Amino acid sequence: MPLSLKLEDLPASIDRLPAFPRIISELLTDLDDDNSSMLTLAQHVERDPVVAGRILSAANRILYYEGWPEVRDIYTAVSLIGFKRIREIVLTTGTASFAGHCRARFSWEHSLAVGIGAQELAPLVNVNPHVALVAGLLHDLGHLWMSCIHPLEFQRTRLLVEVHGKDVCAAERELFGFDHCVIGAVIAHHWRLPADVVAAIGHHHLPSDNAATQKLVAITHVAELIANALDLPCRDINRVTRLSPVAHKTLGVDWSQDCSALFGAIEARHQYASVIFS
Amino acid sequence: MAIRQIYLPLFSVRAGMTLARSAVITERQVTVLMLPAGHELTENNLAQLRAHHADYLCIAEEDARSDVLRAQNIATQSARIDRIFCNADPEHPETRAFCDAVRAYRLV
């Protein structure tokens, strides 16, 4: 039986999701100012030992592979790893813990691959790689909501996709009235994430020509196709249906050239990140 | 024996391996470390790369597979790509070009 959801009723149900880490939205507002970002990070670390512990745990995994001794405070970690990478860790672990708290049937590994792909594509069009990372990590936010709030219907859409080969957005529209892109954009807007991140979440699947001219939309769309095409992670449901010609033009990637540097970087970095953020 | 390129996370790279592509590390738009393609990595190089937080390298590896095994691997990969692109329109130019790029990367 299809749900008769109304878009205007969605915000009320968002409060039933675990709290979205404020540190992510705050860091996104001052990406161009390292001093301000460091202050934001310091405030969160002082307030929340769980956040601090999670950041330190990922930082220590990196330091272990780089041959450094274990560190016990965030400031030493910053001095050894550099603030840019610590910020990357904060954004990734923040999103991972949010997804973990949802206890949902959600492919975090897939989101990680799309985040890394988006980060690699971002310099092509002068987009901040950390904004691209967050857009990629959160692109399937709508799936998290579906699996948390309506797990039975979400399970049915998965069956339609995985067993009957139905298009994922079509299956979701049939049962929910909306697809995960629309729902994800409403949630991201409700959380006051930057407008370009909201647009990327809302249009990543099959962007309209108008939406695909936006750089972050184009990045997230192509990053998801690359993650699926390279089987990152290997899932039977990985499919590439259509690459938006406008998104392709927005990024200016020439697929006839050797793309092994781009694909290889995404694959190797995904392997690395899967170990660090597992 | 044929040589193939593989992209490895730094924790899988060992001294004695050869770079297939140059490794260039830049910090604040300044090149701080550069190792050319064809360079054989030493423990010292790896320590430097770790210190500069490199996370992956492109390595040249001898392809030790027999012709039969190589053909089998390519056939398996090709079938997988066909499956991933099974719902794509083969006449759609951008999607086809993307698929060809994935094939060129995978089918080696």
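Computed from a predicted structure; not experimentally measured.

1. Some points on the interface of chain A and chain B
Taken together, the contact pairs 30 residues of chain A with 27 residues of chain B. If you list the elements that add at least two residues to the side of chain A that touches chain B, you get α14 (215-229), α15 (245-251) and α16 (260-276) of chain A. It is α16(A) that contributes the most residues to the side of chain A that touches chain B, 9 residues altogether. Of the residues belonging to the side of chain A that touches chain B, the class tally is 13 nonpolar, 10 polar and 7 charged.

2. With respect to the sheet that holds strand β1 (residues 3-9) of chain B
Strand order in the open sheet formed by 3 strands is β1-β5-β2 (chain B), with antiparallel pairing between adjacent strands. Across the chains shown, the open sheet's two edge strands, defined by having one partner strand only, are β1 and β2 (18-19) of chain B. Here β1(B) runs beside strand β5 (residues 56-62) of chain B; their pairing, made up of 7 bridges, is antiparallel. Across the sheet, residue R4(B) finds its bridge partner in β5(B), namely E61(B). Each of β1 and β5 of chain B touches α16(A); the most contacted strand, β1(B), lies at about 40° to it.

3. Some words on the domain arrangement of chain B
Domain annotation for chain B reports domain 1 (3-62) and domain 2 (67-106). In this structure, domain 1 of chain B and domain 2 of chain B have C-alpha centres spaced 29 Å apart.

4. Some words on the domain arrangement of chain A
Residues and elements named next belong to chain A. Each assigned domain of chain A is listed here: domain 1 (19-101) and domain 2 (102-278). Placing a centre on the C-alpha atoms of domain 1 and another on those of domain 2 gives a separation of 24 Å. Secondary structure elements with two or more residues in the side of domain 1 that touches domain 2: α2 (22-29), α4 (49-65) and α6 (83-101). At 10 residues, the largest contribution of residues to the side of domain 1 that touches domain 2 is made by α6.

Definitions and cut-offs
- Residues numbered from 1 in each chain as written.
- Chains lettered and ligands numbered in written order.
- Predicted model: local features only at pLDDT ≥ 70, side-chain atom pairs only at ≥ 80, totals over all residues.
- Contact = placed C-beta atoms within 7 Å.
- Helix = DSSP H or I, 4+ residues; strand = E, 2+ residues; numbered from the N terminus.
- Nonpolar A, V, L, I, M, F, W, Y, C, P; charged D, E, K, R; others polar.
- Pairing = 2+ DSSP bridges.
- Axes fitted to C-alpha atoms, helices over the stretch in contact; angles between N-to-C directions.
- Domains from an automatic or database assignment.

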